[in-house]
Amino acid sequence: LTDFFTFAEDIIADFEKRGKFRRKRNYKVVMGRMREFWGKDKLPFSKIDVTFLRKFNVYLETEYGNKPNTRGNYLKKVRKIFNDAIREEYIDRALYPFNKFTIPSEKSYKTKLLYDQIKDLEGAKLKKGQRRWDSRNMFVFAFYARGMRFRDILQLTWDKVKNGRLRYIMEKTGHLVDMELLPQMN
């Protein structure tokens with residue numbers, strides 16, 4: 001049993017058992033693209049070599065228009081599955097193609113808003129109940145909550161606010177955040 005898809009599905013099933021639904025979905029997308037690219041139900045680990053990875057990378061770029069960092073994230077998931085298969089002695093280390101293949105990436109540039117721009121956004125006259133009003137309020141709240149991730153904002157409930165403090169566990173890292181609510185967060 002050295003089928004890549006079978007081993008990957010076992011890993012994906014473990015994500016579901018552990019409640020890692022976002023990770024499960026991300027890996028399922030990668031496996032779906034690999035199945036489309038390969039065109040067969042079974043993919044032996046031995047068929048995934050440097051040429052396969054190069055052609056899969058080109059496929060993601062040409063068929064889906066994926067940028068280098070997205071393609072890189074897909075290929076890192078493939079590499080993770082390879083590493084798990086080797087660690088679990090499912091396959092031999094000699095099959096590992098990633099020591100000869102460079103995963104694509106490109107520097108991303110982020111532009112920060114100035115504090116005056118945040119204040120302008122806060123003061124923008126928007127109608128309550130509109131998507132723009134909700135979006136602005138979530139963004140401003142996240143800014144004052146030390147850059148809270150969007151996923152964490154969506155999962156906030158009133159029980160996380162007590163005695164003027166916000167306490168929650170970050171979804172991505174599992175770290176506890178305990179901070180005083182600022183007046184701008186109301």
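Scope of this entry: the structure provided in the associated data block. Quick caveat, the model's predicted, so the values are computed rather than measured. (Residues numbered from 1 in each chain as written. Predicted model: local features only at pLDDT ≥ 70, side-chain atom pairs only at ≥ 80, totals over all residues. Heavy atoms only, no water.)

**Remarks on the pairing of strand β3 (residues 176–180)**
Move 1: Side chains V177 and M179 of β3 all project onto a buried face; the interleaved residues L176, D178 and E180 project onto a face where none is buried.
Move 2: Judged from the 5 bridges that link them, strand β2 (residues 165–169) and β3 form a sheet pairing that is antiparallel. Residue pairing across strands places Y168 opposite V177, the latter belonging to β3.
Move 3: In this antiparallel pair of consecutive strands, β2 and β3, the connection spans 6 residues, and G174 shows a positive phi of 80°. (Buried < 20%, exposed > 50% of the residue type's maximum accessible area, 1.4 Å probe, protein only. Helix = DSSP H or I, 4+ residues; strand = E, 2+ residues; numbered from the N terminus. Pairing = 2+ DSSP bridges.)

**Concerning the packing of helix α5 (residues 115–123) against helix α6 (residues 131–144)**
Angle between the axes and distance between the axes are the two parameters that describe a pair of packed helices.
Move 1: At a minimum axis separation of 10 Å, α5 and α6 run at an interaxial angle of 140°. One element, α5, and the other, α6, form an angle in the oblique class. The handedness of the crossing between α5 and α6 comes out as left-handed. When α5 is examined against α6, the residues Y115, I118, K119, L121 and E122 are found in contact with a partner set consisting of R136, F139, V140, F143 and Y144.
Move 2: Grouping the amino acids of the contact of α5 with α6 by side-chain chemistry returns 7 nonpolar, no polar and 3 charged. (Axes fitted to C-alpha atoms, helices over the stretch in contact; angles between N-to-C directions. Parallel < 35°, antiparallel > 145°, perpendicular 65-115°, else oblique. Left-handed = near helix turned anticlockwise from the far one by under 90°. Contact = heavy atoms within 4.5 Å. Nonpolar A, V, L, I, M, F, W, Y, C, P; charged D, E, K, R; others polar.)

**Quick word on helix α2 (residues 21–38)**
Move 1: For α2, built from 18 residues, the straight-helix expectation of 26 Å at 1.5 Å per residue is met to within 8% by its first-to-last C-alpha distance of 25 Å.
Move 2: Those residues of α2 that fall on the buried side of the exposure criterion are K24, Y27, V30, M31, R33 and M34.
Move 3: Residues of α2 that are buried make contact with α1 (4–17), α3 (50–64) and α4 (68–87).
Move 4: Two residues or fewer past α2, G39 is found with a positive phi of approximately 80°. (Expected span 1.5 Å × (residues − 1).)

**A look at a nonpolar patch on the surface**
Move 1: Side chains of L113, Y115, F139 and F143 sit close together on the surface and give an oily, nonpolar patch of about 380 Å² of accessible area.
Move 2: Mapped onto the secondary structure, F143 falls in helix α6.
Move 3: Residue class for F143 comes out partly exposed when judged on its relative accessible area of 34%. (Patch = residues over 30% accessible without salt bridge, like charges linked within 9 Å, V, L, I, M, F, W, Y side chains within 5 Å. Areas by Shrake-Rupley, 256 points an atom, 1.4 Å probe, with all protein chains shown as cover. Salt bridge = Lys/Arg side-chain N within 4 Å of Asp/Glu carboxyl O.)

**Focus on the packing of aromatic side chains**
Move 1: Counting across every chain of the model gives 20 aromatic pairs.
Move 2: Here the aromatic rings of F98 and F101 are separated by 6.4 Å at their centres, their planes lie at 80°, and the arrangement is edge-to-face. We note that F98, like F101, is buried.
Move 3: For the ring pair F143 and Y144, a centre distance of 4.9 Å and an interplane angle of 80° mean the geometry is edge-to-face.
Move 4: Residue classification places Y144 among the buried residues on the basis of a relative accessible area of 7%.
Move 5: Among the aromatic side chains, those forming a connected cluster through ring pairs are F4, F5, F7, F45, F82, Y90, Y96, F98 and F101.
Move 6: Here R33 stacks its cationic end above the ring of Y64, 3.6 Å away from the centre of that ring.
Move 7: If you follow K107 out to its NZ or CZ, it ends over the ring of Y109, 5.9 Å from the centre. (Phe/Tyr/Trp six-rings, centres within 6.5 Å; stacked < 30°, edge-to-face > 60°. Lys NZ or Arg CZ within 6 Å of the ring centre and 35° of its normal.)

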